[in-house]
Amino acid sequence: MQRIALTALATAAASILLAAGSAHAQSATYVVEPTHTFATFEISHFGAAVNRGRFEKKEGQITLDKAAKTGKVEITFQIASISTGTPPFDKHLQSADIFDAAQFPTATFVGDKFTFNGDKVSEVAGTLTLKGKAQPVTFKAKQFNCYESPMLKREVCGGDFETTIDRTAFGVDYGIKFGMPKEVRIVAQIEAIKQ
């Protein structure tokens, strides 16, 4: 009787280890593909036009477990790489008036709370750090997909994500007293290659 109990216990333990190994095997690492990854900001200019810009230099990594519906993303943008198409405006954005690129050279988003709709990521919640201040932010997916890249012969996952932040929570106060809004819309397009 004791031998049967021990055999059953060993079998159960093996099943648990096998299941854990199988679940772990579903987790994959993806590296951000820079030519398809950008963060664009949009802010109303006195209710007339909309000012837009994006960060050109970035790097990051994503861990995605489709079976467990979990993941983590960490992506860093170089503030000095901001581009609006107007060099004097870029310089002003980099200055101490606004982003202060000399003192705070990077902006980082770390997201570890993934929500799925079926097998697709629908939102990612985490922490955005800008000008040395960290605030909770949730990016909602407008679209998301994984595909086999015909050029790279590897899986690529990515999507378009959006959020709106209160820039004053990060100490970006320039123009508030002139009547410019606090709200800034961020559109993050991201693609990452499975390693």
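To keep things clear, this report deals only with the structure shown in the data block. (Residues numbered from 1 in each chain as written. Predicted model: local features only at pLDDT ≥ 70, side-chain atom pairs only at ≥ 80, totals over all residues. Heavy atoms only, no water.)

## So, the overall build of the protein
Looking only at helices and strands, one finds two helices and eleven strands in the protein. The N-to-C order of helical and strand elements in the protein reads α-β-β-β-β-β-β-α-β-β-β-β-β. Per-residue burial for the protein yields a buried fraction of 37% across its 195 residues. The long-range fraction of contacts in the protein, counting pairs at least 24 apart against all pairs at least 6 apart in sequence, stands at 57%. Here the protein has roughly 11400 Å² of accessible surface; of this, 57% comes from carbon and sulfur atoms. (Helix = DSSP H or I, 4+ residues; strand = E, 2+ residues; numbered from the N terminus. Buried < 20%, exposed > 50% of the residue type's maximum accessible area, 1.4 Å probe, protein only. Contact = heavy atoms within 4.5 Å. Areas by Shrake-Rupley, 256 points an atom, 1.4 Å probe, with all protein chains shown as cover.)

## A word on helix α2 (residues 87-94)
For α2, the complete set of buried residues consists of D90, L93 and Q94. Within α2, the buried residues cover an arc of 95 degrees as seen down the axis, which keeps them to one side. Across α2 from its buried face, at more than 90 degrees, point the exposed residues P88 and K91. Against the buried residues of α2 lie β2 (38-45) and β6 (82-83). (Arc of directions from axis to C-beta.)

## A short note on the pairing of strand β9 (residues 133-148)
Where strand β8 (residues 120-130) meets β9, eight bridges bridge the pair, whose relative direction is antiparallel. Of the residues in β9, the one forming a bridge with V124 is F139. Pairing of β9 with strand β10 (residues 155-166) involves eight bridges; the strand directions are antiparallel. Of the residues in β10, the one forming a bridge with C146 is C157. (Pairing = 2+ DSSP bridges.)

## Topic: the state of the cysteines
Within this structure, the stated rule accounts for one disulfide. The disulfide bridge from C146 ends at C157, spanning 2.0 Å between sulfur atoms. Across the S-S bond of C146 and C157 the torsion is about 110 degrees, and the bridge reads as right-handed. Here C146 is found in strand β9, whereas its partner C157 is found in strand β10, with eleven residues between them in sequence. (Disulfide = S-S within 2.5 Å.)

## Digging into the environment of N145
Within the fold, N145 resides in strand β9. Sequence separation between N145 and C157 is twelve residues; the distance between their C-alpha atoms is 5.8 Å. Setting aside residues up to four positions removed in sequence, N145 forms contacts with K120, V156, C157 and G158. Within polar-contact distance, the side chain of N145 engages the side chain of K120 at 2.9 Å. (Polar contact = N/O pair within 3.5 Å; in protein donor to acceptor, adjacent residues only side chain to side chain.)

## Points about the side chain of K58
With respect to the helices and strands, the residue K58 is situated in strand β4 (residues 58-65). Of the side chains bearing the opposite charge, E56 lies closest to the buried K58, which forms no salt bridge; the N-O distance is 5.2 Å. For K58, the side chain forms a polar contact with the main-chain oxygen of T37, separated by 2.9 Å. In terms of polar contacts, K58 uses its side chain to reach the backbone carbonyl oxygen of E56, at 2.6 Å. Those residues in contact with K58, other than ones at most four positions away along the chain, are V32, P34, T37, F38, I75, T76 and F77. (Lys, Arg positive; Asp, Glu negative; His and termini not counted. Salt bridge = Lys/Arg side-chain N within 4 Å of Asp/Glu carboxyl O.)

## Focus on the layout of surface pockets
A probe matching the size of a water molecule, rolled over the atoms, marks out where space remains unfilled. Reported here for the largest pocket is a volume of approximately 810 Å³. In terms of lining, the largest pocket is formed by 46 residues, of which the most central are A39, T40, F41, F55 and I186. Among the elements that line the lining of the largest pocket, the one with the most residues is strand β11 (residues 183-194), at six residues. Here the residues of the lining of the largest pocket sort into 36 nonpolar, nine polar and one charged. (1 Å grid on protein atoms, 1.4 Å probe; cavity = no way out; pocket = protein on both sides within 12 Å on 5 of 7 lines; lining within 4 Å. Points joined across faces, edges and corners; volume = space filled by probe spheres on them. Nonpolar A, V, L, I, M, F, W, Y, C, P; charged D, E, K, R; others polar.)

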